Amino acid sequence: MKCAAESGYRQVAGLDLDSHLLEIARRNMAKLSIPAQCIQANATEFGHYNDYDVFYFYNPFGHSVFEQVIEKLKESQGQRDRDIWVVYYHPVFAELFDLAGFILCDEVHDSTRDTTARFYLYPKQGQICLKNANCS
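Residues numbered from 1 in each chain as written. Predicted model: local features only at pLDDT ≥ 70, side-chain atom pairs only at ≥ 80, totals over all residues. Heavy atoms only, no water.

J.: I'd like to hear about the overall build of the chain, residue by residue, with values.
T.: Within the chain one finds four helices and six strands. Helices (α) and strands (β) of the chain occur, in sequence order from the N terminus, as α-β-α-β-β-α-β-α-β-β. Rg of the C-alpha trace for the chain: 15 Å, near the compact-globule value of 14 Å for 136 residues, within the 12% margin. Considered along the principal axes of its C-alpha atoms, the chain spans approximately 45 × 40 × 30 Å. With 136 residues in all, the chain has 37% of them scored as buried. Counted over contacts in the chain with a minimum sequence separation of 6, partners at least 24 positions apart contribute 63%. Measuring between centres, the 13 positive side-chain charges of the chain sit 6 Å from its 18 negative side-chain charges. (Helix = DSSP H or I, 4+ residues; strand = E, 2+ residues; numbered from the N terminus. Rg over C-alpha atoms; globule rule 2.2 N^0.38 Å. Buried < 20%, exposed > 50% of the residue type's maximum accessible area, 1.4 Å probe, protein only. Contact = heavy atoms within 4.5 Å. Lys, Arg positive; Asp, Glu negative; His and termini not counted. Charge placed at Lys NZ, Arg CZ, Asp CG, Glu CD.)

In structure tokens:
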């Protein structure tokens, strides 16, 4: 959330089921004077994905939960049509985004942790974007 806020995103939020971790996040955001929203919710039941355009995942879920969350992201486009961007760090279940129709736009290797971050796009309805295109 800190990096997103410092990068200029107008609305920054974090979602977690664990109230203890959220309280730590709230305190940290307050210390840094970052107006981030810390939301306690089950990611598979969260109903406001349409409020956001960019999502960051650090491999947070098992396979079946991730499938459900990705489906919720796609459904949210029906509520508000927009480009949906996903940054997936340490992409253990990357194939789920491919199977769901997200387009891999870039992949960056993090040599400090020997893993990668993948950048995906789920384009606006009716927008044509070629797979593995530079989705600027």
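Text resumes after the structure shown.
J.: Can you lay out helix 2 (residues 19–31) for me, pointing to particular residues and giving the numbers?
T.: Helix length check: helix 2 (13 residues) gives 18 Å between terminal C-alpha atoms against 18 Å at 1.5 Å per residue, within 8%. By the burial criterion, the buried members of helix 2 are Leu22, Ala25 and Met29. Relative to the axis of helix 2, the buried residues are bounded by an arc of 60° and lie together on one face. Of the exposed residues in helix 2, the ones pointing more than 90 degrees away from its buried face are His20, Ala30 and Lys31. Buried residues along helix 2 sit against helix 1 (2–6), strand 1 (13–16) and strand 2 (37–40). Looking at where helix 2 begins, the residue whose side-chain oxygen comes 2.8 Å from the main-chain nitrogen of histidine 20 is aspartate 18. Count one or two residues on from helix 2 and you reach serine 33, which has phi positive near 55°. (Expected span 1.5 Å × (residues − 1). Arc of directions from axis to C-beta. Polar contact = N/O pair within 3.5 Å; in protein donor to acceptor, adjacent residues only side chain to side chain.)

J.: Tell me about the environment of threonine 116, residues and numbers included.
T.: The topology assignment puts threonine 116 in strand 6 (residues 115–122). In this structure the C-alpha to C-alpha distance between threonine 116 and histidine 90, which are 26 residues apart in sequence, comes to 5.5 Å. Once residues lying within four places of it in the same chain are set aside, the contact partners of threonine 116 are Tyr88, Tyr89, His90, Pro91, Glu107, Val108, His109 and Asp110.

J.: So what's going on with unusual backbone geometry? Residues and values would help.
T.: The residue histidine 90 is not glycine, and still its phi comes out positive at about 55°. One non-glycine residue, aspartate 114, lies in positive phi territory at about 50°. Structurally, the position occupied by aspartate 114 is in the loop between strand 5 (103–110) and strand 6. Of the residues examined, aspartate 114 reaches a relative accessible area of 63% and is grouped as exposed.

J.: So what about helix 3 (residues 63–79)? Which residues, and what values?
T.: Under the 1.5 Å per step criterion, the end-to-end length of helix 3 is 25 Å for 17 residues, consistent within 8% with the ideal 24 Å. Those residues of helix 3 not exposed but buried are Phe66, Val69, Ile70, Leu73, Ser76 and Gln77. An end-on view of helix 3 places all buried positions within 110° of arc, on one side of the element. Residues of helix 3 that are exposed and point over 90 degrees away from its buried face: Gly78 and Gln79. Lining the buried residues of helix 3 we find strand 3 (54–57), strand 4 (84–89), helix 4 (94–99) and strand 6.

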